[in-house]
Amino acid sequence: MNALVPLPVLLPLCVTGLKLAIGPRLQRFQRLISLAVLGAVLVLSVILMIAADRHGPLSVHLGDFAPPIGITLVADRLAGLMLTVSSAVTLLVNLYSLGQGMADRDDQTPVGVFHPAYLILVAGVSCTFLAGDLVNLYVGFEIMLVASFVLLTIGGTATRIRAGSTYVIISLFSSVLFLVAIAMTYSVAGTVNFAQLAGRLQDVPTGVRTLVEAMLLTVFAIKAAVFPLAAWLPDSYPTAPAPVTAVFAGLLTKVGVYSMLRTQTLLFPGHRLGDLLLLAALASMVVGILGAVAQTDLKRVLSFTLISHIGYMVFGIGLAGRDSISGAIVYVAHHITVQTTLFLVAGLIERRGGTTELTRLGGLAKTAPLLAVLFFVPAMNLAGIPPLSGFIGKLGLMRAGVAAGGGWAWALVAGSAATSLLTLYVMAKVWNLAFWRDAPPGYEGEGVVLESAGDEADDTDEEPTGAASDLPEPAGAVVSAGFLGQSIVTTRRLPWPMLVATGAAVGLGLLYTVLGGPLTTFTEAAATELLARTPYIEAVLGR
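Scoring rules and cut-offs
- Residues numbered from 1 in each chain as written.
- Predicted model: local features only at pLDDT ≥ 70, side-chain atom pairs only at ≥ 80, totals over all residues.
- Heavy atoms only, no water.
- Salt bridge = Lys/Arg side-chain N within 4 Å of Asp/Glu carboxyl O.
- Helix = DSSP H or I, 4+ residues; strand = E, 2+ residues; numbered from the N terminus.
- Buried < 20%, exposed > 50% of the residue type's maximum accessible area, 1.4 Å probe, protein only.
- Expected span 1.5 Å × (residues − 1).
- 1 Å grid on protein atoms, 1.4 Å probe; cavity = no way out; pocket = protein on both sides within 12 Å on 5 of 7 lines; lining within 4 Å.
- Points joined across faces, edges and corners; volume = space filled by probe spheres on them.
- Nonpolar A, V, L, I, M, F, W, Y, C, P; charged D, E, K, R; others polar.
- Pairing = 2+ DSSP bridges.
- Phe/Tyr/Trp six-rings, centres within 6.5 Å; stacked < 30°, edge-to-face > 60°.
- Lys NZ or Arg CZ within 6 Å of the ring centre and 35° of its normal.
- Contact = heavy atoms within 4.5 Å.

Visitor: Where do I start with the pattern of salt bridges in this structure?
Guide: If the charged atoms of two oppositely charged side chains come close together, the side chains can form a pair. Applying the stated rule across the entire model yields six salt bridges. For Asp-235, the salt bridge is made with Arg-300, and the minimal N-O distance between the two is 3.0 Å. Linking Asp-235 in helix α9 (residues 233-236) with Arg-300 in helix α12 (residues 298-319), this pair joins segments that are 65 residues apart in sequence. Asp-235 gets classed as partly exposed once you look at its relative accessible area, which sits at 46%. Among the salt bridges present, the one from Arg-322 reaches Asp-323, with a minimum N-O distance of 3.4 Å. The exposure class of Asp-323 is partly exposed, given its relative accessible area of 41%. Members of the salt-bridge network, linked through shared partners, are Asp-53, Arg-77 and Glu-529.

What follows is the structure, encoded as structure tokens:
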């Protein structure tokens, strides 16, 4: 069973090489193998999660080199759950992207760019979840950085290049800081392996250990968009294509949260910076949700709610108890799915209505009732309406805060409740403006197609050429329409893969509610395992 641990990383990388060798040819085959490899990664992730739950953490030393020399990959309950959720989400987003046709129909993008970059991103995410040492955690981050810059700037527009540049600059700064933290850790402990560091860091002087902890937390807080290190996110994510924005918002920030959770429980038990984490959690909740209240563009609204709800996860990490860690894990799994779903819905709204600017939308509940349902369910889930999974996660965190007591804990409980109510207000605002009210004057568009639906015969060896008017028509009945004085192209129906993928994502969020009992039991076992540390250490070091 241990031999399966590296496969979630190796499979996407190997298929990427195959795709690059094929080039722009055989596009349907490329789409098929993308779905196949992501499906295989999902199956492997489920197997690893079940095995870790039944038999304890699984570890493998690549090349049979023991720590601290070799590369160690470890799959425990936490890593297995994160792999499973992320694999399901990336599979659905890939299906969505096939419907949108953004992988090979943007006339400014080389054919075949999206799929290889996307698989590299998946490999980087898997590497971070399985990394058994700081160096390979860093490598996973860098793999994601390379792929994410390609995906953010796909299409080559000035807005995307500018936003991508901001993202890369911030990411490079955090990468340099991460390297410095790794160097400091190795200089004081003589290893970067997590299992060995768990023992050796306890013998390091308190001041030095606190400095290392603070540097690692800063790096991970930048990755996770924790306030006040989150200013880059609202300007970077909304400019990307809908599938890219969805997987970034839903998944990449949670990689930073996962890293905080892993290092704080394994390397710094009884950490001295707990109050600082609680302060950052409260600030993220309040500032993020107030930012969302002030926005009128749906993508920016969702970007600020993303920052806000990261605070819930940091809240659980800061309390550092079994119940709080369990609640944080539940909320991470819930938020990956729900946030991704909402950004997928935003892409559908943009395609249907021509914009995500709420002041320019209206009447979608009447003209697109299925789209209204696809938005309403995850919106209520994000707000934490009982008995949905958002309520389960928030309730667990707030109960842990009440049990912990103390000023900061009670402040976080109050902040959590207020943030949840304001999230409900924000979602109601979006619903009223985009769906419930009548369409504003001058709105005549019915289904703007921003990018090709990709259902044309495309298994050719030639790249699309010519002006935009020479491109194949998108799916659906195409009509001309006017939107605020602009000429647009519209369609009366959305591509079915986009609807199926979004509906499946909504169903996955509801599945967490149906399986709320088993999910909570699993996360409690994962939290116990994290806080005990011994199972992880013994699985890696064999003692």
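Visitor: Looking at this structure, how should I read helix α3 (residues 77-100)?
Guide: Along an α-helix, a turn takes 3.6 residues, which lines up residues three or four apart on a common side. Taking 1.5 Å of rise per residue, the 24 residues of α3 would be expected to cover 34 Å, and the 35 Å separating its terminal C-alpha atoms lies within 8% of that figure. Counting buried residues along α3, 23 of its 24 residues qualify, which places the element largely inside the surrounding structure.

Visitor: Looking at this structure, how should I read the layout of surface pockets?
Guide: A water-sized probe, rolled over the atoms, reveals where empty space remains. Looking at the second largest pocket, its volume works out to about 410 Å³. Of all the elements in the fold, those that place two or more residues in the lining of the second largest pocket are α2 (27-55), α3, α18 (496-514) and α19 (516-532). Residues that form the lining of the second largest pocket fall into these classes: 13 nonpolar, one polar and one charged.

Visitor: Would you explain the pairing of strand β2 (residues 71-75) in this entry?
Guide: Two faces make up the sheet, and in a regular strand the side chains alternate between them. Across the five residues of β2, four count as buried, placing the element largely inside the fold. As paired strands, strand β1 (residues 58-62) and β2 are joined by five bridges and run antiparallel to one another. Among the inter-strand pairings, Ser-59 is bridged to a residue of β2, identified as Val-74.

Visitor: For this particular structure, what's the right way to read unusual backbone geometry?
Guide: Outside of glycine, negative phi angles account for most residues, and trans bonds account for most peptide bonds. Residue Pro-228 follows Phe-227 across a cis peptide bond; omega there is 10°. With respect to the element layout, Pro-228 can be found in the loop between α8 (206-224) and α9. A cis amide bond links Pro-386 to the next residue, Pro-387, at an omega of 0°. The topology assignment puts Pro-387 in the loop between α15 (369-383) and α16 (389-404). Within the chain, Ala-320 stands out as a residue other than glycine whose phi angle is a positive 60°. Located in the positive-phi region is Arg-533, a residue other than glycine, with phi close to 70°. Within the secondary structure, Arg-533 is located in the loop between α19 and α20 (534-541). The class of Arg-533 is buried, set by a relative accessible area of 16%.

Visitor: Would you take a moment to explain the packing of aromatic side chains for this structure?
Guide: In this description, an aromatic ring pair is defined by two values, namely the gap between the centres and the angle between the planes. Using the criterion set out here, one finds twelve aromatic pairs in the structure. Seen in terms of ring centroids, Phe-178 and Phe-220 are 5.6 Å apart; in terms of plane orientation they differ by 80°. Their pairing is edge-to-face. Here Phe-178, found in helix α6 (residues 158-189), pairs with Phe-220, found in helix α8; they are 42 residues apart in sequence, far enough to count as distant. The residues Phe-178 and Phe-220 share a single accessibility class, namely buried. Pairing Tyr-312 with Tyr-331 gives two aromatic rings, centres 5.1 Å apart and planes at 35°, and the pair type is tilted. Here Tyr-331 lies in helix α13 (residues 322-353) and Tyr-312 lies in helix α12, a separation of 19 residues in the sequence. Tyr-331 shares its class with Tyr-312; the two are buried. Here the basic side chain of Lys-223 rests over the ring of Phe-141, its NZ or CZ set 5.1 Å away from the ring centre.

Visitor: Is there a simple way to explain empty space enclosed by the protein in this structure?
Guide: Overall, the coordinates contain seven cavities of 30 Å³ or more when judged by the stated rule. As for the largest cavity, its lining consists of 13 residues, and the residues nearest its centre are Met-144, Tyr-167, Ser-171, Lys-223 and Leu-252. In terms of residue count, helix α5 (residues 134-152) provides more of the lining of the largest cavity than any other element does, four residues in total. Looking at side-chain class alone, the lining of the largest cavity contains nine nonpolar, three polar and one charged residues.

Visitor: It is not clear to me how the side chain of Thr-185 should be interpreted in this structure. Could you clarify?
Guide: With respect to the secondary-structure elements, Thr-185 resides in helix α6. Judged by its relative accessible area of 2%, Thr-185 is buried. When residues no more than four places from it in sequence are discounted, the contact partners of Thr-185 are Leu-134, Gly-190, Thr-191, Leu-197 and Val-212.

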